[in-house]
Amino acid sequence: MSGEKINGRRFLSLSVSLVLIALCSSPPLVARAAEDGESEGGNQAATQLFAQLLYSQVSNFTSIFRDDIAKNFGFCIQDVDADWNDAFNFTSDLTFLTSCAKETKGDLSQRLCTAADIRFYFNSFFTATRSSYLKPNKNCNLTSWVPGCEPGWACSAGSDKKIDLKNSKDMPARTSDCAPCCEGFFCPHGMTCMIPCPLGAYCPPAKLNKTTGVCDPYHYQLPPGQPNHTCGGADVWADIGSSSEVFCSAGSYCPSTIQKNSCSKGHFCRTGSTSEQGCFRFAKCEPKSENQNITAYGLMLFAGLSVLLVVIYNCSDQVLATRERRQAKSREKAVRSVRETAQAREKWKSARDVAKKHALGLQTQLSRTFSRRKSTKQPDSRGLFQAKPGSDAALPPFAPGGSGKPEQSSSAAKGNKKDKNNLTQMMHAIEADPESNEGFNLEIGDKNLKKNMPRGKQLHTHSQIFKYAYNQIEKEKALQEKNKNLTFSGVISMATDIDIRKRPTIEVAFKDLTLTLKGKKKHLLRCVTGKISPGRVSAVMGPSGAGKTTFLSALAGKVTGCTMSGMILINGKVESIHSYKRIIGFVPQDDIVHGNLTVEENLWFSARCRLSADLPKPEKVLVVERVIESLGLQAVRDSLVGTVEKRGISGGQRKRVNVGLEMVMEPSLLILDEPTSGLDSSSSLLLLRALRREALEGVNVSMVVHQPSYALFRMFDDLILLAKGGLTVYHGSVKKVEEYFSSLGITVPERVNPPDHYIDILEGIVKPSTSSGVNYKQLPVRWMLHNGYAVPHDMLKLVDGMSSTAGEDSAHGGNSGEAGIEEQSFAGDLWQDVKFNVERKRDDIQQNFLKTKDLSDRVTPGVLLQYKYFLGRVGKQRLRDARIQAVDYLILLLAGVCLGTLAKVSDETFGALGYTYTVIAVSLLCKIAALRSFSLDKLHYWRESSSGISALAYFLSKDTIDHFNTLIKPLVYLSMFYFFNNPRSSFVDNYIVLVCLVYCVTGIAYIFAIFLSRWSVLLPVVLTLIATRDSTDNTFMEIIAELCYPKWALEAFVIANAKRYGGVWLITRCGSLMKSGYDLNHWSLCLVFLVLMGIACRIIALTCMVVLQKK
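Residues numbered from 1 in each chain as written. Predicted model: local features only at pLDDT ≥ 70, side-chain atom pairs only at ≥ 80, totals over all residues. Heavy atoms only, no water.

J.: Even after reading the chapter, I still don't get the overall build of the protein chain, so can you show me in this structure?
T.: In terms of regular secondary structure, the protein chain is built from 36 helices and 20 strands. Evaluated residue by residue, the protein chain yields a buried proportion of 53% over its 1111 residues. Considering only contacts in the protein chain between residues 6 or more positions apart, those separated by 24 or more positions represent 73%. When the accessible surface of the protein chain is summed, it comes to about 51,200 Å², and 55% of that surface belongs to carbon and sulfur atoms. (Helix = DSSP H or I, 4+ residues; strand = E, 2+ residues; numbered from the N terminus. Buried < 20%, exposed > 50% of the residue type's maximum accessible area, 1.4 Å probe, protein only. Contact = heavy atoms within 4.5 Å. Areas by Shrake-Rupley, 256 points an atom, 1.4 Å probe, with all protein chains shown as cover.)

J.: I would appreciate a short explanation of the pattern of salt bridges in the present structure.
T.: Pairing between side chains of opposite charge can happen when their charged atoms approach one another. Under the definition given, this model contains 25 salt bridges. Across the pair Arg943 and Glu662 runs a salt bridge, and its minimum N-O distance is 3.0 Å. With Arg943 in helix α29 (residues 938-946) and Glu662 in helix α17 (residues 651-663), this pair connects stretches of sequence that are 281 residues apart. With respect to burial, Arg943 and Glu662 carry one shared label: buried. For Arg878, the salt bridge is made with Asp962, and the minimal N-O distance between the two is 2.7 Å. Separated by 84 residues along the polypeptide, Arg878 in helix α26 (residues 863-880) and Asp962 in helix α30 (residues 951-981) bring together distant segments of the chain. The pair formed by Arg878 and Asp962 is uniform in burial state, with each residue classed as buried. One continuous salt-bridge network, built from bridges that share partners, spans Asp107, Arg111 and Asp177. (Salt bridge = Lys/Arg side-chain N within 4 Å of Asp/Glu carboxyl O.)

J.: Explain a positive patch on the surface to me, please; I cannot follow it from the model alone.
T.: Residues Arg325, Arg326, Lys329, Lys333, Lys617 and Lys868 make up a contiguous surface patch of positive charge. Looking at the secondary structure, you find Lys329 in helix α8 (residues 295-371). In this structure Lys329 comes out as exposed when scored by relative accessible area, which is 59%. (Patch = residues over 30% accessible without salt bridge, like charges linked within 9 Å, V, L, I, M, F, W, Y side chains within 5 Å. Lys, Arg positive; Asp, Glu negative; His and termini not counted. Charge placed at Lys NZ, Arg CZ, Asp CG, Glu CD.)

J.: Help me understand the packing of aromatic side chains in this model?
T.: Aromatic rings considered in pairs are described by the distance between their centres and by the relative angle of their planes. All chains considered together, the criterion is met by 29 aromatic pairs. Residues Phe605 and Phe870 carry aromatic rings whose centres are separated by 4.9 Å and whose planes lie at 65° to one another, so their mutual orientation is edge-to-face. Residue Phe605 is located in helix α15 (residues 599-610), and its partner Phe870 is located in helix α26; the two are separated by 265 residues in the primary sequence. You can call Phe870 buried: its relative accessible area is 0%. Site record: aromatic cluster; members linked through ring pairs are Phe605, Phe870, Phe934, Tyr941, Tyr954, Phe955 and Tyr1006. Geometry around Phe605 places Arg873 over its ring, the cationic atom sitting 4.2 Å from the centre. (Phe/Tyr/Trp six-rings, centres within 6.5 Å; stacked < 30°, edge-to-face > 60°. Lys NZ or Arg CZ within 6 Å of the ring centre and 35° of its normal.)

Here's what the structure looks like:
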């Protein structure tokens, strides 16, 4: 915009207020009537009556300019009538009219400005450029310049002329009987009429200061060459910057425009006040106080808020303690439930034996009737209940679908000796280890049940009871599936089925599995063939760079950026491994565990979110208890895991918790990446025993292991030994690995650990004996030939014993074909790297949005239930990080004190500067705090989301807990800033704007915490500088400024404050809002924009979190 337009707008704002003043210019008629009444009877009461009657006749004078005001000044005047009342409603005191009528001797109406004068005044200011006074008009021009044209003076139109104050077309001629402007009026320079001063102004007659030659307090000088000209009245009413002398001064109040009183004690008076305001009870207000000191209320609010937060924190400890007790009672209840279930099951077995006997008799009769042959098995001659309940001795000899071969009756003859079922065999296999401490001692009350307990060391601990209870629950589930009805076929099927419910098994077979890095032509894995079977523990070993982790990641479907060839079969079918992700556990190499939760809380959360939704809570409790016991975590179950700053459990225990997070979800396939790294031998042995127990339940366990001890090595079932380049050297049983290498002439020296020896050979540290005739580079080819696998073409040279250079290339990924390729230029390498990174990012995004049919047959909790679980977990974490929250509040408090003291809310700009600092400070501090919500938990989210936990539930729970800070932090800041500054806007308005601002800033912080977290703290400063810059003709910058949240927040603050300024402040309000480009009607719009921007940022953050997650 040009300078002329800017000045024009400034003058336009002034003239608008004058338009409103013109609305009250009706009092001239009142004055004449008042004067007439006084001359007739001299009755003062009659004078007041006439003044009121005349004022009431012209009270609707605003209708003349309503349309113009609404069109041009709707941004600063919401209600024309209300603003007119604030500025020109003189009904409470018309003294200045009656006194002016006396002073002008009945000529008041001839001196007041008409609607045409006001319109001229308006247009002159709108088109003014450099002149400080109005342009020439009928009364004041180059040929006619009467004394009334001087500032503070006015003239009369003459007593013989009739003046129509509502005439908006013709300006009357006023050049006679010029005199000083009346008290309570102002007379502009260049016009010869009078306009009433608005309420809140003080317009006394001017007095000449002989020292300076200025008419105080209005700062205009007497015209030269006119010795008879004296100081008049007020000459201008504009914004406070250019006409502050008209405003009623601070510390005083002006009930009318001709009266000024000092503020009394216990009251305060702001600039432009029409009455004194009482101070609050605890505020200190001396006489002539400009503002009240309400700092005490801010301290009281902060103290109350602090007490509330302390109470919440302490109560939360009590709540958490109560929850712990309830969970303990839940565990006890689960024990009792299992005891009762065990008793009921034994009784049911007895009843089932009766049904079996009847079924046996019926079967015998049917056999005799239809086959006409004598049964090969006679009914048992023993008593009905002589066979122990649940023993195989009580089972009938008929097996559906079988050959009909009768069972051996020796088991029935040995009634006192029960055959072991699968569970008992599993437990006794564990008990066979002399170092095991397993055993049970259940006091249930059923003698038969107690006699049938597995015999072991009688350890009276809850954990062992829970373990047995868990096994009993497993048996009972299998029975419940079969006990739906007691038909003949149902009884026969029930009698022959296995009692224990097995987990669904997953067998992973792979053939010629090859992984090639995209854009690099480098093999990470090559020609890997074999399978990992359920019920077995497989170890993946090899030197560094052999692709061990890559191999297991490929089986789990977590490899991106690679081209995969070959075949992976799941249970003999070509299916995606992602279809079974709900029953697959993947333990990462790093211990990704929540440090501010206890061991049990970590495990319990994983169990609740990943176990079947229809699994009863007591059974989930038993699952967690079984895992805690098997991992040896009983002693630290209630201890915090710990973080870098806060010490918790030991490193070995943390590693076991990391494994336990996957064990509690009862996986069918458990993949572990170096679970024993960093553990001592005893901890590793304990962990591997727990994994073997999982394998005994049908779990397929595969793990990467580095340098296991011999005792640990012998506990594995299978071994997959990889060489560098991802080539298989051995894949088979651990018991046969030494036999295979011995056949190649590689024997393990005495007192040397076999896996260490083999890895040293593959690393090239130890060379095989020359008598073997085997080069370590040829070991992968020897394995291929041993099993009849196809040998890649470029590795055939190793079979014929070619040069070591060729062998080196073949053994390390088969890159011999690349030796002849010319080296690319720098630009070519750069392009390949960029292309590779783009393809890898594309693969990551495709994998994140990969949708596969679920074949796991497990229904986990939905989004709402997971949201509930996440909400409890995040709440606990925030309560335990209360010290960090307290530091955030303290910094906000100090910021409020500093800005409340230094950045005062000025009346000239309605606090724009102070609120600008507020937007920057609150945005910066709240953003830093919000960054911690997601930036510190990225690894935890990536792990949990890869297992199928809802990203939406995770995000919403974090955001919901952050709403507490969204509501509390504005209170903390305002408790100091508002009560130190005491702006005219209400506390509630400031609080609402700050809540919307914090909500918006928090959403923006989420995006940068997930996407770009390094420089995001500078964003509030940059955006505020853009939003508060001076207007330019740059359209692009205008658009950017409109999208900056500080612009809308600052506008909401200024509008809330500007609404409180009326009367004499009207021109200042319009001028300031026009300069800033703000609109009084946009307060709600500003809040809606901040909220919508906060919601949009949260949607973007959630999208980034899902798209950019690493599995």
